[in-house]
Amino acid sequence: MGDHRASVKIEFSMYGETKKCDMWINWSPNDYGVDERVIDFFEAAHRAMSAGYYAEVAKAQEAEDLIRREQQERQEYERLKARFENKG
């Protein structure tokens, strides 16, 4: 049995965010030839970056919905205003 140590440096960018990892590991690959700690890093980084991205998407969607509702309310107000002003 030989020395199976590996220096692993990872830089993973997604949704405008970057996660970095620098680790020394005793290499023990899974069935795909990848050490589980490397997979764990990618999974954790992906979860963190996705959560931030989807929170921003939800915020932007809420802002768009608010603008749309305000526009609809303004149109309804103008319609009713015109209707009742013409009756007088």
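Scope of this entry: the structure provided in the associated data block. (Residues numbered from 1 in each chain as written. Predicted model: local features only at pLDDT ≥ 70, side-chain atom pairs only at ≥ 80, totals over all residues. Heavy atoms only, no water.)

Turning our attention to the environment of Met14. In this fold, Met14 is placed in strand E1 (residues 5–14). Sequence separation between Met14 and Pro29 is 15 residues, and the spatial gap between their C-alpha atoms is 25 Å. Other than its neighbours up to four places away in sequence, Met14 contacts His46, Met49 and Ser50. (Helix = DSSP H or I, 4+ residues; strand = E, 2+ residues; numbered from the N terminus. Contact = heavy atoms within 4.5 Å.)

Before going further, it helps to spend a moment on the packing of aromatic side chains. Inspection of the entire model under this criterion finds five aromatic pairs. Look at Tyr15 and Tyr54: their rings are 6.3 Å apart centre to centre, the planes differ by 65°, and that puts the pair in the edge-to-face class. Of the two residues, Tyr15 is situated in the loop between E1 and strand E2 (17–26) and Tyr54 in helix H1 (residues 36–87); the sequence distance between them amounts to 39 residues. Geometrically, the ring pair formed by Phe41 and Phe42 is edge-to-face, given 5.5 Å between the ring centres and 70° between the ring planes. Overall, the relative accessible area of 15% leaves Phe41 in the buried class. An aromatic cluster is defined as three or more aromatic residues linked by ring pairs; in this entry it consists of Phe12, Phe41 and Phe42. (Phe/Tyr/Trp six-rings, centres within 6.5 Å; stacked < 30°, edge-to-face > 60°. Buried < 20%, exposed > 50% of the residue type's maximum accessible area, 1.4 Å probe, protein only.)

Attention now goes to the pairing of E1. Along any regular strand, the residues point their side chains to alternate faces of the sheet. The alternating pattern of E1 places Ala6, Val8, Ile10, Phe12 and Met14 on a buried face and Arg5, Ser7, Lys9, Glu11 and Ser13 on a face that is not buried. What sits between E1 and E2 in their antiparallel hairpin is a turn of two residues, with Tyr15 showing a positive phi close to 55°. (Pairing = 2+ DSSP bridges.)

So, about the environment of Arg83. Among the secondary structure elements, Arg83 is positioned in helix H1. Given a relative accessible area of 45%, Arg83 falls into the partly exposed group. Expressed as a C-alpha distance, the spacing of Arg83 and Ala60, which sit 23 residues apart in the sequence, is 35 Å.

Spanning 52 residues, H1 covers 75 Å between terminal C-alpha atoms, matching the ideal 76 Å at 1.5 Å per step. Three or more residues of H1 are buried, namely Val38, Phe41, Ala45, Met49 and Ser50. Looking at the packing, one finds that the buried side of H1 touches E1 and E2. (Expected span 1.5 Å × (residues − 1).)

Inspection of the entire model under this criterion finds eight salt bridges. Residues Lys20 and Glu11 are paired through a salt bridge, measuring 4.0 Å at the closest nitrogen-oxygen approach. An identical accessibility class is assigned to Lys20 and Glu11; each is exposed. Note that Lys19 is salt-bridged to Glu17, the shortest N-O span being 3.4 Å. In this structure Glu17 comes out as partly exposed when scored by relative accessible area, which is 31%. (Salt bridge = Lys/Arg side-chain N within 4 Å of Asp/Glu carboxyl O.)

Any link to function would need more than the numbers given here.
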